[in-house]
Amino acid sequence: MNQELRIKNRKESLKSIIHDLLFMIRKSEGFTLIELLVVIAIVGILAGFLMANFIGVRQRARDGQRKSDLRQIQAALETYISDQGIYPPDPLPACGSALTDGGTPPITYMEKIPCDPLNTGQYRYSYDRLSGNISYGLFACLENVNDSQKDSPSNNATYCTGGTTNWSFTLESP
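Residues numbered from 1 in each chain as written. Predicted model: local features only at pLDDT ≥ 70, side-chain atom pairs only at ≥ 80, totals over all residues. Heavy atoms only, no water.

Engineer: Please give an account of the state of the cysteines that cites residues and values.
Structural biologist: The tally for this structure, following the rule as stated, stands at 1 disulfide. What pairs with cysteine 95 in a disulfide is cysteine 115, and their sulfur atoms sit 2.2 Å apart. Residues cysteine 95 and cysteine 115 are joined through a disulfide that is right-handed, its torsion about the S-S bond being 90°. Placement of cysteine 95 in the loop between α2 (33-84) and β1 (99-100) and of cysteine 115 in the loop between β2 (108-110) and β3 (126-130) is noted, with a sequence separation of 20 residues between them. Overall, cysteine 95 belongs to the partly exposed group, its relative accessible area being 32%. (Disulfide = S-S within 2.5 Å. Helix = DSSP H or I, 4+ residues; strand = E, 2+ residues; numbered from the N terminus. Buried < 20%, exposed > 50% of the residue type's maximum accessible area, 1.4 Å probe, protein only.)

Engineer: Provide a residue-level description of the pairing of strand β5 (residues 168-172), including the pertinent values.
Structural biologist: Within β5, 4 of the 5 residues are buried, which leaves it mostly tucked inside the rest of the structure. Relative to β5, strand β4 (residues 135-141) runs antiparallel, the two being bridged by 5 bridges. In the strand pairing of β5, phenylalanine 139 is matched with threonine 170. (Pairing = 2+ DSSP bridges.)

Engineer: Give me the lowdown on the sheet that holds β5, citing residues and values where you can.
Structural biologist: As summarised here, the arrangement of the 3 strands in space is β3-β4-β5, forming an open sheet in which the pairing is antiparallel. What marks the edges here is a single partner per strand, and that holds for β3 and β5. Geometrically, the sheet is characterised by an average inter-axis angle of 20° between neighbouring strands, direction not taken into account. Together, β3, β4 and β5 form the strand contacts of α2, whose direction differs from that of β4 by roughly 165°. (Axes fitted to C-alpha atoms, helices over the stretch in contact; angles between N-to-C directions. Contact = heavy atoms within 4.5 Å.)

Engineer: Mind laying out a nonpolar patch on the surface, listing which residues take part and the relevant values?
Structural biologist: Taken together, the side chains of Ile34, Val38, Ile42 and Leu46 make up a nonpolar region of the molecular surface, amounting to roughly 390 Å² of accessible area. Within the element layout of this structure, isoleucine 34 appears in helix α2. (Patch = residues over 30% accessible without salt bridge, like charges linked within 9 Å, V, L, I, M, F, W, Y side chains within 5 Å. Areas by Shrake-Rupley, 256 points an atom, 1.4 Å probe, with all protein chains shown as cover. Salt bridge = Lys/Arg side-chain N within 4 Å of Asp/Glu carboxyl O.)

Engineer: If you had to explain the confidence of the model for the chain to someone new, which residues and values would you point to?
Structural biologist: Model confidence for the chain is summarised by a mean pLDDT of 82, while 80% of its residues fall at 70 or above. Highest mean pLDDT in the chain belongs to β2 (94); lowest belongs to helix α1 (residues 2-29) (66). (pLDDT = per-residue confidence, 0-100.)

Engineer: Can you break down the packing of aromatic side chains residue by residue, with the values?
Structural biologist: Following the criterion strictly, the structure yields 3 aromatic pairs and no others. With a centroid separation of 4.6 Å and 75° between ring planes, the pair formed by tyrosine 87 and tyrosine 136 is classed as edge-to-face. Within this pair, whereas tyrosine 87 is found in the loop between α2 and β1, its partner tyrosine 136 is found in strand β4, the two being separated by 49 residues in sequence. Residue tyrosine 87 shares its accessibility class with tyrosine 136, and that shared class is buried. Joined through ring pairs, the aromatic side chains of Tyr87, Tyr127 and Tyr136 make up one cluster. (Phe/Tyr/Trp six-rings, centres within 6.5 Å; stacked < 30°, edge-to-face > 60°.)

Below is the structure:
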C-alpha cells in the first residue's frame, strides 16, 4: 500500500512538473503587440532605405552602359574615318543595325550599333557630323543628375531635358 501511494505521488508530481514546464513554455512563446509593432516599424524603415538606394544603383548602371556604348561607337567612327577620310553621314543607322561604308562588298565597322538601355523618348543615342565632315558629336541623356561626367550647363545640348540642368553626356571627335 505504501508503495502504491509512493508511485501515485510520483506520477502526480511528474504530471505537475510537466504541466508547469508546458505552461512556462507556452507563456514565453508569444510576443506582445508593442514588440511586433517595433519590429514592423524597423523593417519598414530599412526597406525604405534599401529601395531608394536600389533605384539610384539602377540609374547609375544604365548611365555607365550609355557611356560605354558611346565609346564603342566612337571607336567604330574613328576606324571609319581612317579608312574613308570622312565620318559617316548623320544620322547613324538605327540601333541594332550595322555600321558599314555602303560599298560593294560593304566594310563593316560595327556589327550592331548599341541601343540605349531605356531606348524610349529622349533616351536614344544621337550623332551629329560637324565642321565639314571632319568632326562629330555623340550624345546620350543621363538619368543621374549628379553624374560627374555630365556636360556643363554652358554646353547647352538640346538633346536632353531635365529642368534647369543639362543631363547630357557628349563625346566629340578627338
